[in-house]
Amino acid sequence: MPDDPRQRLIVLYAELAAHTEPECAGSRCAKPLSCCAPMYCDLTRDFALEYWGERLEPTWHPALPFMGPRGCTVAPHLRPICTAHTCEVNEHGCKRGDEAWTARYFDLTEEIGLIEEDLFGQRMI
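Keep in mind that this is a model prediction, so the values were computed, not measured. Position numbers for residues count from 1 along each chain, tracking the sequence in the order it is written. Selection of residues for local features in this predicted model requires a pLDDT of at least 70, selection of side-chain atom pairs for listing and counting requires 80 or more, and totals for whole chains, interfaces and linings are taken over all residues. With hydrogens and water set aside, each side-chain value is computed from the structure's full complement of heavy atoms.

Undergrad: Explain the confidence of the model for the chain here, please?
TA: Note: predicted coordinates in regions of low pLDDT should not be interpreted at a detailed level. The predictor attaches a confidence to each residue, called pLDDT, with possible values from 0 through 100. Taken residue by residue, the chain gives an average pLDDT of 92. The fraction at 70 or more is 92%. Helix and strand assignments follow DSSP, with helices taken as H or I runs no shorter than four residues and strands as E runs no shorter than two, numbered in order from the N terminus. Ranking the elements of the chain by mean pLDDT puts strand β2 (residues 71-72) last, at 87, and helix α5 (residues 99-120) first, at 98.

Structure representation (structure tokens):
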């Protein structure tokens, strides 16, 4: 485990992305990969620059500046709202019928939130 809090966040967000992405791309979502919107790209661009000092380069996509052929091109820690989103959690507060998945989700978001409070003074998710 990384000792540096920023490196730990990068690892945790990668784990959270691996946990949530199958939900978004899979059959549990009524419209797979459809929650992306230009507003979230704007938030991501601003967040990456303000909290991580990273300028994001847009892709070719006409509506979603960070969408590539295989999904978002932005690292999970630079797009916290998107990384943490699943329709199940958003609509029901859990993944219905999967307590282990839900527990892992909230364990990850809690650890991320604690580190973000220390680093940024607030939780981003």
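That covers the picture; the talk isn't over yet.
Undergrad: Got a minute to help me understand the packing of aromatic side chains in this structure?
TA: Two aromatic rings, taken as a pair, are described by how far apart their centres are and by the angle between their planes. The pairing test for Phe, Tyr and Trp rings, Trp by its six-membered ring, is centres within 6.5 Å, and the orientation test on the planes gives stacked under 30 degrees, edge-to-face over 60, and tilted for anything in between. Taken as a whole and judged by the stated rule, the model has six aromatic pairs. Pairing Trp 101 with Tyr 105 gives two aromatic rings, centres 5.4 Å apart and planes at 15°, and the pair type is stacked. Linking Trp 101 with Tyr 105, this pair stays in helix α5, spanning four residues, or about one helical turn. Exposure classes here rest on a 1.4 Å probe applied to the protein chains alone. A residue is buried below 20% of its type maximum, exposed above 50%, and partly exposed in between. Since its relative accessible area comes to 8%, Trp 101 is described here as buried. Linked through ring pairs, Phe 47, Tyr 51, Trp 52 and Phe 120 together constitute an aromatic cluster.

Undergrad: Whenever I open this one, the environment of Ala 14 confuses me. Can you help?
TA: When you line up the elements, Ala 14 lands in helix α1 (residues 5-25). A relative accessible area of 40% means that Ala 14 is categorised as partly exposed.

Undergrad: Any chance you could explain the side chain of Arg 79 here in plain terms?
TA: By secondary structure assignment, the location of Arg 79 is in the loop between β2 and α3 (80-84). The sign given to each residue is positive for Lys and Arg and negative for Asp and Glu; His and the chain ends receive no count. Only one rule defines a salt bridge in this text: a Lys or Arg side-chain nitrogen within 4 Å of an Asp or Glu carboxyl oxygen. Glu 21 provides the closest opposite charge to the buried, salt-bridge-free Arg 79, at an N-O distance of 8.6 Å. Only heavy atoms matter for contacts: two residues are in contact if any of them lie within 4.5 Å across the pair. In contact with Arg 79, not counting residues within four places along its chain, are Thr 44, Cys 72 and Val 74.

Undergrad: Honestly, the packing of α1 against α5 in this entry has me stumped. Any pointers?
TA: Relative orientation and spacing of two packed helices are given, respectively, by the angle between their axes and the distance between those axes. Running from amino to carboxyl end, α1 crosses α5 at an angle of 150°, the nearest separation of the two axes being 10 Å. Comparing the axis directions of α1 and α5 gives the class roughly antiparallel. With respect to the hand of their crossing, α1 and α5 are arranged in left-handed fashion. Touching Pro 5, Arg 6, Arg 8, Leu 9, Leu 12, Tyr 13, Glu 15, Leu 16, His 19, Thr 20 and Glu 23 of α1 are Trp 101, Arg 104, Tyr 105, Leu 108, Thr 109, Glu 111, Ile 112, Ile 115, Glu 116, Leu 119 and Phe 120, all from α5. Residues are sorted three ways: Asp, Glu, Lys and Arg are charged, Ala, Val, Leu, Ile, Met, Phe, Trp, Tyr, Cys and Pro are nonpolar, and all the rest, Gly among them, are polar. In terms of residue class, the contact of α1 with α5 is built from twelve nonpolar, three polar and seven charged. Between the N-to-C directions of two axes lies an angle of 0 to 180 degrees, each axis being a line fitted to C-alpha atoms and, for a helix, fitted only over the stretch in contact. Here the angle decides the label: under 35 degrees means roughly parallel, over 145 means roughly antiparallel, 65 to 115 means roughly perpendicular, and every other value means oblique. Whether a crossing is left-handed or right-handed is set by the direction in which the near helix is turned from the far one by less than a right angle, anticlockwise for left-handed and clockwise for right-handed.

Undergrad: Looking at this structure, how should I read the nonpolar core?
TA: Soluble globular proteins tend to bury their nonpolar side chains together. Judged by nonpolar contacts, the single largest core of 24 residues is most densely connected at Leu 9, Leu 16 and Trp 52. Only α1, α2 (38-52) and α5 provide two or more residues apiece to this core. Here the element with the most residues in this core is α5; it accounts for six residues. For Trp 52, the contacting residues outside a window of four places in its chain are Arg 6, Leu 9, Ile 10, Phe 47, His 77, Leu 78 and Phe 120. The set of buried Ala, Val, Leu, Ile, Met, Phe, Trp, Tyr and Cys residues whose side-chain atoms join them within 4.5 Å is what this entry labels a nonpolar core.

Undergrad: Help me understand a nonpolar patch on the surface, please; the structure alone is not making it clear to me.
TA: Patch construction takes residues with relative accessible area above 30% that form no salt bridge. Like charges are linked within 9 Å, and nonpolar side chains (Val, Leu, Ile, Met, Phe, Trp, Tyr) are linked within 5 Å. Exposure was quantified through the Shrake-Rupley algorithm and a 1.4 Å probe, taking into account, for residues, occlusion by the shown protein chains and nothing else. A cluster of nonpolar side chains, contributed by Met 39, Leu 43 and Ile 81, occupies part of the molecular surface with about 280 Å² of accessible area. With respect to the element layout, Leu 43 can be found in helix α2.

Undergrad: What's the story with the pattern of salt bridges in this structure? I'm lost.
TA: Two side chains that carry opposite charge are able to pair once their charged atoms sit near each other. In the structure shown here, the tally under the stated rule is nine salt bridges. Close ionic contact of Asp 42 with Arg 45 constitutes a salt bridge, the shortest N to O distance being 3.3 Å. With Asp 42 and Arg 45 both in helix α2, this residue pair falls three residues apart, about one helical turn. By relative accessible area, which is 35% here, Asp 42 ends up partly exposed. In this structure, Asp 98 and Lys 95 form a salt bridge, with 3.6 Å as the shortest nitrogen-oxygen distance. On the basis of relative accessible area, Asp 98 is assigned to the partly exposed category, the value being 26%. By relative accessible area, Lys 95 is classed as buried at 10%. In this structure, a network of salt bridges that share partners links the residues Glu 23, Lys 95 and Asp 98.

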